Amino acid sequence: MLRLLIALAVFAGLSLPATAQSQTLQSILQPVADEIADPSRASVGAALDALVASGLPQVTPFLEAWSDKGVWQRDADGAFFYGQAAGGELTLTDIDTGAETVVPATGHTELRPNGGVRRVIGTTLVQFQLSDPDLTRRLSAIDSLARRPDADQLAPLLASIDEEPDPALKARKIQLANILTVTFADDPADRIAAIDSLSTDTSIEARAVLNQILTTGITATPGAPVGNVARILTVGDDLTPAAAYDLLVTGDLAPPATAPNAIRDALAANIVDGRAGGIPTAQLGDPALREAAYATLAAAGTVPPLVTAQDQADAIAAHTFAAIYAEGDAAITDAARAALTSAETRVAAAQFADLTLDALSLASIYFLAAIGLAITFGVMGVINMSHGEFIMMGAYTGFVVQQFVPDYTVSIIVALPLAFAITFAAGVAMERLVIRHLYHRPLETLLATFGISIALQQLAKNIFGTQARPLTSPGWLDGALIFSDVIQISYIRVAIFVLALLFLGLIVFVLKRTRLGLEVRAVTQNRGMAASMGIDPDRINMLTFGLGSGIAGIAGVAIGLYAQVTSEMGAAYIVQSFMTVVVGGVGNVWGTLAGATLIGFLQKGIEFLNPSNTLAAQTYMVLFIILFIQFRPKGIVAQKGRAAAD
Amino acid sequence: MTSLLEVSGVSKTFDGFRAINDLSIQISEPELRAIIGPNGAGKTTFMDIVTGKTKPDTGRVLWGARNESLLGLSEAAIANKGIGRKFQKPTVFEDQTVWANLNMALRNKRGPFAVLFHRKTGEDEARISQIASEIGLTDQLSRMSGELSHGQKQWLEIGMLLAQDPRLLLVDEPAAGMTAEEREKTTDILRHAALTRAVVVVEHDMEFVRRLNCKVTVLHEGHVLAEGTLDHVTADSTVIDVYLGRADA
Amino acid sequence: MTQGFLVTNRSVRWFLMCLAIFTAVVAFGSEASGAGLFSTSLVKTLGKTLCLCLVAIAMDVVWGYCGILSLGHFAFFGIGGYAVGMWLMYARTEGIVLSSLSGQTIPPTPSEVSDAIGSQIFGVVGSAQFPLIWSFAHSLPLQLLMVVLVPGLLALVFGWLAFRSRVTGVYLSILTQAMTLALSLYLFQNDSGLRGNNGLSGLQNIPGYEQTSQATISLMFFLASALALALGYVLFAWVVAGKMGSVIKGIRDNEARVRFLGYRVEGFKLFVFTLTAVVAGIAGALYYPQAGIINPAEIAPIASIYLAVWVAIGGRGRLYGAVIGAAFVSLVSSWFTGGGAPNLNLGFYTVQWTDWWLVLLGVSFVAVTLFFPKGIGGVFDYLVRKPS
């Protein structure tokens, strides 16, 4: 209560500075000079009280300097200065006026408060900082308080809440005050009230405080458990028999178990005439005979008695194992448990939202990676195994551009169209040189494009080396969009999402609203009919292939921004892209979108359920897709009409 | 003459297009029947439905004296019931000899292991040479069927149908792309086959149909427009309007 | 039938003769027979190549004859290797453990032995427990049964699912590739029970033959591989020669037509897919003891694609084509990547084949697909048919 009064006094001091202006800091310090010069944890309080009571603005810098060993005392008259020692010289700064003088170091003593004192000073300082007119100082005070919560700081924190002008900071202060109250308040009612207030708080620190209250230790007792029991544990379900028995041994409730090695070592140490415990050593490979031999030795008192598995089971059965709260008050643990459950429900909802964001961003990456593939597959019936290498080409284009254009924003703006142009050209070249000759042999197209894929991959390795190349994103894409402790998403992923949306719009526009799109759709649905109506399927094929490859190039730049650029990066995406196309259905933008969404969400969902193992997640996903194909062989959005049946 | 195949009230819609509309056709055994109609009349879809390639939206397809439903059976199962089909485009296995093509079609056990351990029998050989002489390909047995002329391929395919020993043959435009002489021979083969079994011929070519000299069913917009002898249907005014009028104009 | 079939099949007799001559030359020239013309490592390489030829003819039957471009047959090959590797590793570790424990005055209990073996094998993945899938690892006959059963059952289940839903063509290829990917990703996990990416190693040491020199062991495996290839060749030649061959080639060329002939296409595909998977497993079981190590990277989807590449370069639809393709490409590939090929000095740039081989392979593969769709085997056809 005293601390609270002090804090209130600080406020009084700060809000009424006029009353204190006649005083100087030096004049307040001198009466308590001894405590200042040689403080102890117990005595420094009075000196600090005097300083706080003065309400002078110089007090804060003085306390900071004092705590940092920056205050010197002149031996002659005991006056205090800020001092800066350099060589034999000492630069003294007047604590009130700020006037500097340079004097020899001799005749002055540096004040060195010990750790305990510094902590007391720090606590006092917090009172000032929490109410400092400067917002950033208040923020940093709150941060340091949150990092090292301390019982002493609760009162000043509470006191500073009402006067806090900044609404965000005020909310933060209330939150922090609740957290401190939960841990440090003396009155259980106060603590329970604060605990209840945390039930809507999803921040990690609030949950950490609640979890801390709910910390349990496992005890073993012969009868009913003592203390604030969290729950009774069942051996076998909640803890292993071995762990349970160890607990009994630690609590001196049972003799230590005889380890298998101990039996052997004891037997080996007691071999007489080629026999141990009366049994020839050659027969001791049999576990039953070993135990018998050991029992003989134990009966003779040579070795400690054997604790058999049965003994252990009996001992375990004779005891009750319980998880006991470290916190003794059941009312508090009950409240904390209720609050934590409620908070965790909210956290789960928030995690779901976060997962949705993650899945959306993954889906947009798959969409970007797969849409080019889907277009070429749909229009030409051609699977381009080197699609992944076009993604890689796009990413390396971005990397090369960054070597010449140092400004990251500009380089990305240059790289996107350039990547499109380069991969478009590569795609057209490939169509003209290879694909065109293989139209009626789809499986061979698959293999020929695979040949191109390994050649391109190795070529990239020869040119750029095997190590990963960075593609640095512009500064404004650094960081993340943070909604709460749980929900956040990096700006790069937001940008990729936007890019995917942009491309979705663009492709839908091209396909539905332009002459090219009309022709592409015509060729997709009925090649022969389209040709007889004056559409040149050759030209459409070429443009489609170029377009599909070009989009892969752009996807490459986007993917390169958050993943490493390597010669093998394309291979990492190609199978997922195939899956997307297969699941989504061929020849339809919306199908690809649906496929990408399904696969993105599926992958994130599986990763969430089995977070330790991304490899297993991918295995399950592939299995799911194989099963999915059973039920919808033509994908989510199946191509319609009689043409699709053949 | 007993009813072998009974198609009744069958409809099938593709994306809003009614390919077959309340179609009812009865085929007896033995019988030679020609189905004619303009493009899009539903001739091919009718065959697809009977052979199990396409599932109809409504209607019944009944088979044999015991009136088994064919709906829901796989293509292979329907084929094994005794329905053989010849496609519009000749689809023989061009990479294999004429002999192998016929051998594959022979009515024998169809399971993988039965096929794997299948031994050539004298009976098989006799049947193959008999069919080969029926379709006039005796000299070509050891040739790759891809090397055959268009007409020979068509005959080979009909031969494969005969080898299956089906009770019902569905033949899609057998005379397309044939010379006059080849057509005549095709007519003979079909009429000979129809002595012991049901043969349904889908055809465009009126001259060819006339030569078959059999009962004719006219399809229009997935529905039976008229049925009877060729002279009878060609005298029908509605038939003249929708088909003959246009085709001859 | 088999007799008649051998009499009527010239190419099978030719192949068996060539294989016999080749095997005899290598056997008599090997270090084990004292001639020393061929080093032990060369004999191993040739033995491995024969196994690759065996899996290549299996691939040829499933792809070249039946038209299923499976991108999963190397996975079956790997499974065979794992199955036999489990016994090799178990039995060898057991031998080492027993001999190290035999010096002790008190003989070890069975559970001590098993724990010691477990920690020896699984120590690298931080475990000492035997996973369930190692239940039969102590028994060679059971594990050899696994070589056949596991690939066979996997192919059966996968094939049934895929063929039943009439997934064909490119779709099926991608699906098989997905299966391969799933399998290799699974094996990469440390808790897969197969030592994660460490794989199984030390497979070249055959338990019970510790005293036998590697030269002899390599020759034995070479001979076994040659025998397996001969048997596999005859088996597949027999399968594709008769009516079965007609049907599966028919499925390749026109699946719908075969259906309308009354054949249940799914059953035939399943038969071919499973049979070839089993043969691939056997080939793998012979290959990996010669290679000495197997790890999940061996099963990665790319390996199965290479398998298709070999068959395509050798010439699909003819068994000897697959043999030629596998032998030629894998030997040339190891010559180039092993630094055997001299660097090419272009004046301004020196082409190091270790770096450029894959580029050359990729480009030549495209060229083969475009200009020689029948592969190397097609050239043979041309030479053989010309006189007649």
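The name given to chain C in an unreviewed UniProt entry is Amino acid/amide ABC transporter membrane protein 2, HAAT family, and the organism recorded there is Loktanella fryxellensis. What UniProt records for chain C under Subcellular location (unreviewed entry) is the sentence "Cell membrane".

Looking at an unreviewed UniProt entry, chain B carries the name Urea transport system ATP-binding protein, with the source organism given as Loktanella fryxellensis.

Asker: How should I be thinking about the interface of chain A and chain C in this particular structure?
Answerer: How big an interface is tends to be stated in terms of the accessible area lost upon association of its parts. With 49 residues of chain A at the contact, the number on the chain C side is 52 residues. For the pair chain A and chain C, the summed buried surface comes to about 4,400 Å²; carbon and sulfur atoms form 75% of the total. Three residues, Leu443, Leu447 and Gln630 of chain A, lead the burial of chain A against chain C; their summed loss comes to 14% of the area buried on that side. The interface formed by chain A and chain C holds three salt bridges in total. Across the pair Glu444 of chain A and Arg316 of chain C runs a salt bridge whose closest N-O atoms are separated by 2.5 Å. Taken together, the connections running from chain A to chain C amount to five residue pairs in polar contact (both at pLDDT 80 or more). Contributing elements (two or more residues each) for the side of chain A that touches chain C: helix 13 (260-269), helix 14 (287-299), helix 19 (442-464), helix 24 (569-584) and helix 26 (614-631) of chain A. Looking at the side of chain A that touches chain C, the element that brings in the most residues is helix 19 of chain A, giving 14 residues. Class assignment for the residues of the side of chain A that touches chain C results in 34 nonpolar, ten polar and five charged.

Asker: Just to check I follow, could you spell out the interface of chain B and chain C for this structure?
Answerer: Across the contact, 31 residues belong to chain B and 25 residues belong to chain C. Buried surface at the junction of chain B and chain C, both sides included, amounts to about 2,600 Å², of which 65% is carbon and sulfur. Counting every contact that joins chain B to chain C gives three salt bridges. Between Glu157 of chain B and Arg257 of chain C there is a salt bridge whose closest N-O contact spans 3.1 Å. In this structure, the connection of chain B to chain C is made through eleven residue pairs in polar contact (both at pLDDT 80 or more). The set of elements that each furnish at least two residues to the side of chain B that touches chain C consists of helix 2 (75-82), strand 6 (83-86), helix 3 (98-105), helix 4 (112-116) and helix 6 (150-163) of chain B. The residue inventory of the side of chain B that touches chain C, partitioned by class, reads 15 nonpolar, nine polar and seven charged.

Asker: I tried to follow the packing of aromatic side chains on my own but got confused; where do I start?
Answerer: The geometry of an aromatic ring pair comes down to the distance between the two centres and the angle between the two planes. Residues and elements named next belong to chain A. One pass over the full model with this rule turns up 29 aromatic pairs over all chains. Look at Phe62 and Trp66: their rings are 6.0 Å apart centre to centre, the planes differ by 35°, and that puts the pair in the tilted class. Taken as a pair, Phe62 and Trp66 lie in helix 5 (residues 59-67) at a separation of four residues, close to a single helical turn. Note on Phe62: relative accessible area 0%, which makes it buried.

Asker: What am I meant to see in the packing of helix 20 (residues 491-513) of chain A against helix 23 (residues 537-562) of chain A here?
Answerer: Think of two packed helices as two axes; the pair is described by the angle between the axes and how far apart they sit. Residue and element names in this part refer to chain A. Viewed as axis vectors pointing N to C, helix 20 and helix 23 meet at an angle of 170°, and their least axial separation amounts to 10 Å. The angle between helix 20 and helix 23 places the two elements in the roughly antiparallel class. Contact residues: Ile492, Arg493, Ile496, Leu499, Phe503 and Ile507 in helix 20; Ile551, Ile554, Ala558, Leu561 and Tyr562 in helix 23.

Asker: Mind showing me how you'd approach the sheet that holds strand 5 (residues 68-69) of chain B here?
Answerer: Note on sheets: strands pair through backbone hydrogen bonds, and any given pair is parallel or antiparallel. Residues and elements named next belong to chain B. Judged by pairing direction, the sheet is antiparallel, and its four strands sit side by side in the order 2-1-4-5 without closing on themselves. What marks the edges here is a single partner per strand, and that holds for strand 2 (17-29) and strand 5. Its contacts with the sheet put helix 1 (residues 43-50) on strand 1 (2-14), strand 2 and strand 4 (58-63), and the angle it makes with strand 1 is roughly 115°.

Asker: Help me understand the side chain of Lys461 of chain A, please; the structure alone is not making it clear to me.
Answerer: Residues and elements named next belong to chain A. The topology assignment puts Lys461 in helix 19. A distance of 3.2 Å separates polar atoms of two side chains, one belonging to Lys461 and the other to Glu568. With residues near it in sequence (within four places) discarded, Lys461 still touches Thr466, Ser567 and Glu568.

Asker: Is there a simple way to explain the pattern of salt bridges in this structure?
Answerer: Pairing of side chains with opposite charge becomes possible as their charged atoms draw close. Applying the stated criterion across every chain, the model contains 38 salt bridges over all chains. A salt bridge links Glu431 of chain A to Arg432 of chain A; the nearest nitrogen and oxygen atoms lie 3.0 Å apart. Among the residues examined, Glu431 of chain A registers a relative accessible area of 0% and is labelled buried. In this structure, Asp231 of chain B engages Arg210 of chain B in a salt bridge whose closest nitrogen and oxygen atoms are separated by 3.4 Å. One end of the pair, Asp231 of chain B, is in helix 9 (residues 230-235); the other, Arg210 of chain B, is in helix 8 (residues 206-212), and 21 residues separate them in sequence. Salt bridges sharing common partners tie together Glu75 of chain B together with Arg166, Glu255, Arg259, Glu266 and Lys269 of chain C.

Asker: Help me understand the pairing of strand 2 of chain B, please; the structure alone is not making it clear to me.
Answerer: Working note: regular strand, side chains alternate between the two faces of the sheet. All names here are of chain B. Note: strand 1 against strand 2, nine bridges, orientation antiparallel. From the neighbouring strand, Ser3 faces strand 2, where its bridge partner is Ser28. Connecting strand 1 to the next strand, strand 2, in antiparallel fashion are two residues, including Asp15 with a positive phi near 50°.

Asker: Where do I start with the nonpolar core in this structure?
Answerer: Proteins that are soluble and globular tend to have nonpolar side chains buried together. If you look at the biggest cluster of nonpolar residues, it comprises 264 residues, and the most contacted ones within it are Val199 of chain B together with Ile57, Trp63, Leu69, Phe74 and Trp134 of chain C. When near neighbours in sequence (up to four residues on either side) are disregarded, Ile57 of chain C contacts Leu229, Gly232, Tyr233, Phe236, Leu319, Ala322 and Val323 of chain C.

Asker: Is there a simple way to explain unusual backbone geometry in this structure?
Answerer: Excluding glycine, residues mostly have negative phi values, and the peptide bonds linking residues are mostly trans. Cis geometry is adopted by the peptide bond preceding Pro30 of chain B, which originates at Glu29 of chain B and carries an omega value of -5°. On the secondary structure map, Pro30 of chain B appears in the loop between strand 2 and strand 3 (31-36). The residue Asp252 of chain A is not glycine, and still its phi comes out positive at about 60°. Secondary-structure assignment places Asp252 of chain A in the loop between helix 12 (241-250) and helix 13. Taking relative accessible area as the criterion, Asp252 of chain A reaches 70% and is therefore assigned exposed.

Asker: Which parts of the structure should I look at to understand the confidence of the model for chain C?
Answerer: Detailed reading of the predicted coordinates is not advisable wherever pLDDT is low. Residue and element names in this part refer to chain C. Across chain C, the average pLDDT comes to 88, with 97% of residues at or above 70. In the model of chain C, helix 1 (residues 2-8) stands out as the element of lowest mean pLDDT, 61, in contrast to helix 11 (residues 265-291), which has the highest, 95. Model confidence for the complex is summarised by a pTM of 0.80, with the ipTM given as 0.84.

Asker: Which parts of the structure should I look at to understand the environment of Asn254 of chain C?
Answerer: Examined against the element boundaries, Asn254 of chain C turns out to sit in the loop between helix 9 (243-253) and helix 10 (255-260). Not counting residues within four places of it along the chain, the set of residues in contact with Asn254 of chain C comprises Thr91 and Phe93 of chain B.

Asker: Please clarify how the sheet that holds strand 3 of chain B should be interpreted in this entry.
Answerer: All names here are of chain B. If you trace the six strands from one edge of the open sheet to the other, you get 6-7-8-3-9-10, paired in mixed fashion. The sheet is open, and its two edges are formed by strand 6 and strand 10 (223-228), each paired on a single side. Here the strands of the sheet are splayed against their neighbours by 20° on average, with no regard to which way each runs. Judged from the four bridges that link them, strand 6 and strand 7 (residues 168-172) form a sheet pairing that is parallel. Along strand 7, the bridge assignment pairs Lys86 with Val171. The sheet strands contacting helix 2 are strand 6 and strand 7, and the helix crosses strand 6 at an angle near 110°.

Quick notes on the rules
Residues numbered from 1 in each chain as written. Chains lettered and ligands numbered in written order. Predicted model: local features only at pLDDT ≥ 70, side-chain atom pairs only at ≥ 80, totals over all residues. Heavy atoms only, no water. UniProt positions renumbered as here; feature names shortened; annotations may be inferred. Contact = heavy atoms within 4.5 Å. Buried area = accessible area lost by both parts, 1.4 Å probe. Salt bridge = Lys/Arg side-chain N within 4 Å of Asp/Glu carboxyl O. Polar contact = N/O pair within 3.5 Å; in protein donor to acceptor, adjacent residues only side chain to side chain. Helix = DSSP H or I, 4+ residues; strand = E, 2+ residues; numbered from the N terminus. Nonpolar A, V, L, I, M, F, W, Y, C, P; charged D, E, K, R; others polar. Phe/Tyr/Trp six-rings, centres within 6.5 Å; stacked < 30°, edge-to-face > 60°. Buried < 20%, exposed > 50% of the residue type's maximum accessible area, 1.4 Å probe, protein only. Axes fitted to C-alpha atoms, helices over the stretch in contact; angles between N-to-C directions. Parallel < 35°, antiparallel > 145°, perpendicular 65-115°, else oblique. Pairing = 2+ DSSP bridges. Core = buried A, V, L, I, M, F, W, Y, C linked by side-chain atoms within 4.5 Å. pLDDT = per-residue confidence, 0-100.

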